[in-house]
Structures are given as C-alpha cells and as structure tokens.
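# Structure assessment
Spelled out, the chains give:
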Amino acid sequence: MPKPAARFDAESVRYSWDHAAGAYAHGQASGCDYYRYEFFGPAQLTLCGEVRGMRVLDVGCGNGYFAREVARRGARVTGIDISPRMIEHAEQRESADALGIEYCVLDAAVLPAGFVPQSFDMATSCLALQDMPNVEEVLRGVHALLRAGGRFVASITHPCTDTPFRVWERDSSGKKRWLCIDRYFERGPFEYTWSGWGREFTTEAIHVTLEDWLGWILEAGFQLRALKEPCPTDQALRTRPDLEDAARVPYYLFFDLVRP
C-alpha cells in the first residue's frame, strides 16, 4: 500500500523519475510492463483513432512509449517530460529507430510556454497526469495549445480502485478472490514503491476523487467527449492470463476531451 508522500512538487517528481529512469527502462525491456504494452496502451491508441498527418503533443511522455506508437501511425509528435533522464532514454530510442519525434524536457505545468497556442491537433497523456503535482495547470495549458475542435486523449489510474488502501484478498492457493479498497475520499499525494523491475524505486502520485478529476477538466474549458474504462480483450487474456484481474475491476480510466 502507498504511504503519504513527504513532498510532491516539480523538483521531487523530477528527482524521483530521474532516479527511476534506468530501472524503468530495463523493466520495460524485460517484459514487466505488459499491462501497458498488451492492454491499456493499445486500448488508448484505439480511442485516439486516425492520427495520420496530425500534430500531436504527448504530455508526460516518459521514455517515449506512447509517442512512438502515435508516430508509427503517421502523426508528427512532440513529447515532453519533466525528467531529463527519461527524455535521454526516449532520445536513445529515437536514434535507434527514427520516427521524427521531437522530445523536450519541460514541466507540463508551465504550458503553453515553449509552444504556439492552438498549434496542436491532438494531445495525449498515457498514465502520467496523476504523477503531476499541478494537474489543473497542466489541463489549462494543454487546452491553450489545442486548436478549436482538438482532442486531449488521456489515461490515468482509476481513482475508484487505485485508492490509498487497496489489497487483493487471496485464497489459500494465492488466487485473487476480490479487491478490497478503502479511504477513497482521502485526497493527497502518496508514495508508491515499484518492485520486480530489476531495482526497487519509488515515485509519487496524487489520489483524488472522480468528482475532482471531472471538475478540473470542466474548469479548464474542455468538453467531455467520452469516458472509457478499458477491459482486456479476449485475445489479450488468452495471450496473457495474468491480465485476468483487470477484467474484473477497472484499473484505468480514459478521458476523451475536446476543446470547443
């Protein structure tokens, strides 16, 4: 279970992800991140739809997974992240497999700084917004960068199931029986420990209610085009049976937003 974070600001987030970058990249390469590669990543790409020829901003791009997938589908992509080390990993991948992606070390909370307002057709964010200390400012900045009718397709951990208390009850054989959750209304930043990625590391993220997320979105000026709770496909479950728990409770939440 997470514990309250002692600090949650731009500097602490940058430090945490710089420290985690090497282990995170190694873990992805070794197959730890199959939920992203085989489940919610492809589902978010499907929600984006046709992106060929679009100018797309990937917010909180990390080491570039989602930016690469969007670029492979014909978009002109710019990726931003607060962590210089994560951007280094993204640029290494771009050097090895050039897709024309531009990467920039930038705190998303200062947007639209660095870019021309209303210059992007779409923005994306793949499981990153909850890791940002100033989500309201990020949303307003992204809104300012989108042209009229432009979309922001973002995913977050589901606030209704990723709560401060969250434990799977298991039977005597270790099989998951049901998910126990509590303290849903306890808002604030929490520290999460990542194990099984070659080297243990910690990062911070914020938990707030679904009501809070929708309030931030509407206050930033977006309209809600769709709200999605992805579930693994039958093919994904056959290929990766360990995804079975994500077919029982919603782990992730997608926002499909539009600038009017």
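Structure: above.
These notes cover the structure that comes with them.

Among the nonpolar cores identified, the biggest contains 42 residues, and Leu57, Leu111, Val142, Phe152 and Phe222 are the most heavily contacted of them. Counting only elements with at least two residues in this core, the list comes to helix 1 (10–29), strand 2 (55–59), strand 5 (120–126), helix 5 (135–145), strand 6 (146–157), strand 10 (201–207), helix 6 (210–219) and strand 12 (252–258). Per-element tally for this core: the top contributor is helix 1, with six residues. If we skip the residues at most four places from it in the chain, Phe222 touches Leu139, Val142, His143, Leu146, Phe152, Ile217, Leu257, Val258 and Arg259. Tyr65, Tyr103, Val153 and Ala246 belong to the second-largest nonpolar core, a separate cluster that totals 34 residues.

Let us look at the sheet that holds strand 1 (residues 3–4). Read across the open sheet, the three strands follow the order 1-9-10; overall the sheet is antiparallel. The open sheet has two free edges, formed respectively by strand 1 and strand 10, since each of these has just one partner strand. Where strand 1 meets strand 9 (residues 188–194), two bridges bridge the pair, whose relative direction is antiparallel. Pairing of Lys3 across the sheet is with Glu191, part of strand 9. Against the sheet, helix 1 touches strand 9 and strand 10, its axis set at about 130° to strand 10.

Here we come to the pairing of strand 3 (residues 76–81). In terms of burial, strand 3 is a largely internal element, five of the six residues being buried. As defined by bridge partners, strand 2 adjoins strand 3 across five bridges and the pair is classed as parallel. For Asp58, the partnering residue across the bridge sits in strand 3 and is Gly79. In this view, the connection linking strand 2 to its parallel neighbour strand 3 by way of helix 3 (residues 65–72) has right-handed handedness. Direction of pairing for strand 3 relative to strand 4 (residues 102–105): parallel, over a ladder of four bridges.

Along an α-helix, residues three or four positions apart point the same way, because every turn accommodates 3.6 residues. The end-to-end C-alpha distance of helix 4 (residues 84–96), which contains 13 residues, comes to 18 Å, matching closely the 18 Å that a straight helix rising 1.5 Å per residue would cover. Taken residue by residue, helix 4 has Met86, Ile87, His89, Ala90 and Glu94 as its buried positions. Along the axis of helix 4, the buried residues cluster in a sector spanning 155°; they form a single face. Along helix 4, exposed side chains directed more than 90 degrees from the buried face belong to Ser95 and Ala96. Looking at the buried positions of helix 4, the neighbouring elements they touch are helix 1, strand 3 and strand 4.

Calculation notes
- Residues numbered from 1 in each chain as written.
- Predicted model: local features only at pLDDT ≥ 70, side-chain atom pairs only at ≥ 80, totals over all residues.
- Heavy atoms only, no water.
- Core = buried A, V, L, I, M, F, W, Y, C linked by side-chain atoms within 4.5 Å.
- Buried < 20%, exposed > 50% of the residue type's maximum accessible area, 1.4 Å probe, protein only.
- Helix = DSSP H or I, 4+ residues; strand = E, 2+ residues; numbered from the N terminus.
- Contact = heavy atoms within 4.5 Å.
- Pairing = 2+ DSSP bridges.
- Axes fitted to C-alpha atoms, helices over the stretch in contact; angles between N-to-C directions.
- Right-handed = clockwise from strand over helix to strand, strands pointing away.
- Expected span 1.5 Å × (residues − 1).
- Arc of directions from axis to C-beta.

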